[in-house]
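Tertiary structure, described
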Amino acid sequence: MAQLKLIKPNTKIPFIKHHKPFTFAILALAILGVLISFVITPNWGTSFRGGTAITMSFLAPVSPEEVRTLFEQDPRFESISVQRIGKEEENRYIVRTRTTTTLNCAQLAAVQNALPGQIQKLTSQTVSIPGWPTCNPDIEDGIRGDFFITLALSEEAAAGGTAAPVEIATLETSLRAAGLDAHVAYDETTKRYLVKPVGLQAVVIEMLNTTFGQRFNENKGLDEIVTVGADVGDKFRNDAILSVFLALGMMLLYIAIRFDTRYAPAAVISFTATALISFGILVVFQMEITLETVAAILSVVGYSTNDTIVNFDRIRENLASSDKDTTLAQVVNRSINECLSRTIITSLTTMMAIAPMAILATGATRDFAIIMCIGVVWASINSIFISCPLLLYLDEWFKRYQSRAEARKTIEHDLTTGQ
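About the thresholds
Think of each chain on its own: its residues are numbered from 1, step by step along the sequence as written. Local features in this predicted model are restricted to residues whose pLDDT is 70 or higher, and side-chain atom pairs enter the listing and the counts only when it is 80 or higher, whereas totals over whole chains, interfaces and linings include all residues. Side-chain figures throughout are based on the complete set of non-hydrogen atoms in the structure, without hydrogens or water. Strand pairing is assigned whenever DSSP detects at least two bridges linking the two strands. Counting from the N terminus, the helices are the DSSP runs of H or I reaching at least four residues and the strands are the DSSP runs of E reaching at least two. The axes are straight lines fitted to the C-alpha atoms, using for helices just the contacting stretch, and the angles between their N-to-C directions are given from 0 to 180°. Residue ranges for the domains originate in an automatic or database domain assignment. By definition, residues are in contact when any of their heavy atoms lie within 4.5 Å. What gets called buried area is simply the loss in accessible area from a 1.4 Å probe that two parts show on being joined, summed for both. Salt bridge, as used here, is a side-chain nitrogen of Lys or Arg placed within 4 Å of a carboxyl oxygen of Asp or Glu. Identification of polar contacts relies on pairs of N or O atoms within 3.5 Å, with a donor-acceptor requirement for protein atoms, meaning one able to donate a hydrogen and the other able to accept it, and with residues adjacent in sequence counted only if both atoms are side-chain atoms. Any residue that is not Ala, Val, Leu, Ile, Met, Phe, Trp, Tyr, Cys, Pro, Asp, Glu, Lys or Arg is counted as polar, Gly included; the first ten are nonpolar and the last four charged. Throughout this description, the term nonpolar core refers to a set of buried Ala, Val, Leu, Ile, Met, Phe, Trp, Tyr and Cys residues connected via side-chain atoms within 4.5 Å. Burial classes follow relative accessibility: with a 1.4 Å probe on protein chains only, a residue under 20% of its type's maximum area counts as buried, one over 50% as exposed, and anything between as partly exposed.

A separate point is the sheet that holds strand S5 (residues 147-153). A sheet is described by the order of its strands in space; here four strands give the open sequence S4-S5-S7-S6, paired in antiparallel fashion. Edge positions in the open sheet fall to strand S4 (127-131) and strand S6 (182-187), since each of these has one partner strand only. Adjacent strand axes in the sheet meet at a mean angle of 35°, parallel and antiparallel pairs treated alike. Relative to strand S7 (residues 192-197), S5 is paired through three bridges, and the arrangement is antiparallel.

The assigned domain composition of the chain is domain 1 (19-44 + 229-406), domain 2 (51-102 + 202-227) and domain 3 (105-197). On a C-alpha basis, the centres of domain 1 and domain 2 stand 39 Å from each other. Each partner contributes to the interface: domain 1 provides four residues, whereas domain 2 provides six residues. In total, about 390 Å² of surface goes out of reach between domain 1 and domain 2, with carbon and sulfur atoms giving 39% of it. At the boundary of domain 1 and domain 2, one finds one salt bridge. Residue Arg96 is joined to Glu288 by a salt bridge in which the shortest nitrogen-to-oxygen separation is 3.0 Å. In this structure, the connection of domain 1 to domain 2 is made through one residue pair in polar contact (both at pLDDT 80 or more). When the residues that make up the side of domain 1 that touches domain 2 are grouped by side-chain class, the tally is no nonpolar, three polar and one charged.

A separate point is the nonpolar core. Formed by 58 residues in total, the largest nonpolar core has its most connected members in Ile255, Tyr263, Phe312, Ile315, Val332 and Ile336. Those elements that place two or more of their residues in this core are helix H1 (19-39), helix H8 (230-258), helix H9 (263-284), helix H10 (291-321), helix H11 (328-360) and helix H12 (363-417). Looking at this core, the element that brings in the most residues is H12, giving 16 residues. Beyond its immediate stretch of four places on either side in the chain, Ile336 contacts Phe15, Ile16, Ile384 and Cys388. Membership of the second largest hydrophobic core comes to 23 residues, among which are Val111, Ile129, Leu171 and Tyr193.

This is the structure:
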């Protein structure tokens, strides 16, 4: 069966000869992808910054403006974003807010007053609360997220050297009895409890029932409420950044073993440029950065790896069959041209699968597809204008380093022998 060839055999496009403007422009864009985040604040999703994502559906048409107005006019909710999901006739929306609880100051004070007594009922221990969040109704009447508290046992109990004065399960039960449904975690370093309030569902249902009436069904209309605390959001963000660096590190190790130490740095710089350019586009267009978009960036890194390895493999084959008069630059340029048809066809095939999702899908699926489309294009460009040219620069650097090392050995030998 004949293979499809978009590029004629023996094509000799001088990629290496004219690579410098493209190489420096791509590297500049990659650096700009990092710097732009200091000018334009990235649109971190709920998973990374903490907050609540509320998915809802209506029985009759409701406009995005109506949903946004409802939440923006309620002082208990802040940093509102509304996004339609699915088809317009489905009347489904996802509302994101930084708010994870709607406790007002009076409710918080009541919980503070009742909590020591509830703990004493369960543990027979006298507990004080030296650390409790301040809440000023004249500034902001309520707590909008997770908060820390500090508990202290009575002097007799503290003398026993107990690290955590109250078990987590006991504290959660005591908080619930005091009027606050919350999850609790203990920080050994600071000796503080992190309180993560839950229970937005009843508040949201009441708001939607009051405003939209028969257009909203409280039994079926509230599809999902996902709350992520600020500390968990920070952890997700740090883990996402770490996962990208780990992926790049593993690629560096794999290529160094599979090919040569000259190939690995060139490839990793190319992968990094692809990831940074994708991130910069996310920031510029204020696309929400979620776990799904991070997965897309990692997928793009994997795609870029595949594209680059194909070119490197052809370079290695051509080096083995070339005569001594053929320069590495000539071998690299010939290899790029020989792989060019494959690069274009693979990219087009991938785009044909992803583009419909980027156009027709909504929500996280659409964002994933958009990043993949952008990444596939940049991965193909980088494999030609970053990986291969940098291989040449690294080869020259290795040769100069080896020459200096050999010259140093000769000088040291001459000094030692007295010649």
